[in-house]
Amino acid sequence: MHVFLTGATGWVGATVAAELLAAGHQVSGLARNPGKAQALLNAGGKAVYGTLDDHQLLFDAAAKADAVIHTAFNHDFSRFADNCAQDQRAIEVLGEALLGSERPLLVTSGLARLVQGRLATEDDKPGTGPEYLRRSEQAAQALAEKGVRTASIRLAPTVHGIGDHGFVPNLIALAKKTGVAAWPGNGENRWAAVHRLDAAKVYRLALETGVTQSVYHAVAEEGIPMRDIAFAIGTMLGIPAESRGAEHFGWFAAFAATEMAASSERTRNVLGWQPEQRDLLTDLAEAAYYANS
């Protein structure tokens, strides 16, 4: 297949591009500039230069592709509302280019605030109230109702691997700054996890099996207690690990305290997907994981 991929130079998207290219697919990836696109070009992909705000470019690139994967999202949380609106509009434009065809669209979403007190499953629906600013899945569902073959891939809150610059490195940076590897409350809230190489396979397998589901879970470990993550960080940094109040975490407090455990049983059964990479705590025992935090 010829796949148009947004976020092709990002943490997840770059790995998806490499996975697709290794499997013999063609990839045209959205990139802001030649410097950002170099790894994609070196791997045999093609670059489409632009941003999520270049709607005509997105439409044209999607219209030329056999399938579209949307992994791009601006994670500047100081502009979260604006970034969510940008994401929703980009999904709408990509879907408009696929109307009237059987060409699929895979949209990336997450597990935050999906359910509490149990494992989230692929059957669970995202919230629809005005407080749910990110509406990736809702945009995908609206396209499905128009006949677009679309699905959402929910990523675990930590998509880990050496070079990670997501939420776990934020915890590491905070621990370095404060001298404490902290967890909120009793530390029993759990985060699902997946290695980024395993996550990339979910995207490829979903495409190659015809996008038969509306939701897939890229989840290798169902739930790791925040306390365990903090202890692992503290051990590597040689600092205490203990509970701290919300003020310790700043803007990250609500996210750090959220329950985001999930099952991927259906996804594994449907795709024949089995995670093969090492788990989060094994990654956190590597000194290299702390280099960029």
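Below or above, wherever it landed, is the structure these notes cover. Please read all numbers here as calculations on a predicted model, not as lab measurements.

### Here's the deal with the pattern of salt bridges
Enumeration according to the criterion identifies 14 salt bridges in this entry. With a shortest N-O distance of 2.5 Å, Arg204 and Glu19 are connected by a salt bridge. Here the residue Arg204 occupies a position in helix 7 (residues 196–208), and Glu19 occupies one in helix 1 (residues 13–22), the gap between them amounting to 185 residues. We note that Arg204, like Glu19, is buried. Across the pair Glu96 and Arg89 runs a salt bridge whose closest N-O atoms are separated by 3.4 Å. Here Glu96 falls in the partly exposed class, since its relative accessible area comes to 34%. Linked through salt bridges whose partners overlap, the residues forming this network are Glu19, Arg204 and Glu208.

### Side note on the nonpolar core
Counting residues in hydrophobic clusters, the biggest one holds 39 residues, and the most contacted among them are Val16, Ile69, Leu106, Tyr203, Leu207 and Tyr216. The element best represented in this core is helix 7, accounting for 7 residues. Setting aside chain neighbours within four positions, we find Leu106 in contact with Val68, Ile69, His70, Ala151, Ile153, Tyr203, Ala206, Leu207 and Val211. In this structure, Ala175, Ile229, Ala230 and Tyr290 belong to the second largest nonpolar core, which totals 28 residues.

### Overview of the pairing of strand 2 (residues 26–31)
With respect to burial, strand 2 is a largely interior element, 5 of its 6 residues being buried. With 4 bridges joining them, strand 1 (residues 2–6) and strand 2 adopt parallel strand pairing. Following the sheet pairing, Val3 is matched in strand 2 by Val27. Regarding the hand of the β-α-β motif, the stretch spanning strand 1, helix 1 and strand 2 is right-handed. Summarising the sheet, strand 2 and strand 3 (residues 46–49) pair through 4 bridges and their orientation is parallel. Opposite Ala31, over in strand 3, you have Tyr49 as the bridge partner. The parallel pair strand 2 and strand 3 is bridged by helix 2 (residues 34–42), and the resulting crossover is right-handed.

Criteria and cut-off values
- Residues numbered from 1 in each chain as written.
- Predicted model: local features only at pLDDT ≥ 70, side-chain atom pairs only at ≥ 80, totals over all residues.
- Heavy atoms only, no water.
- Salt bridge = Lys/Arg side-chain N within 4 Å of Asp/Glu carboxyl O.
- Helix = DSSP H or I, 4+ residues; strand = E, 2+ residues; numbered from the N terminus.
- Buried < 20%, exposed > 50% of the residue type's maximum accessible area, 1.4 Å probe, protein only.
- Core = buried A, V, L, I, M, F, W, Y, C linked by side-chain atoms within 4.5 Å.
- Contact = heavy atoms within 4.5 Å.
- Pairing = 2+ DSSP bridges.
- Right-handed = clockwise from strand over helix to strand, strands pointing away.

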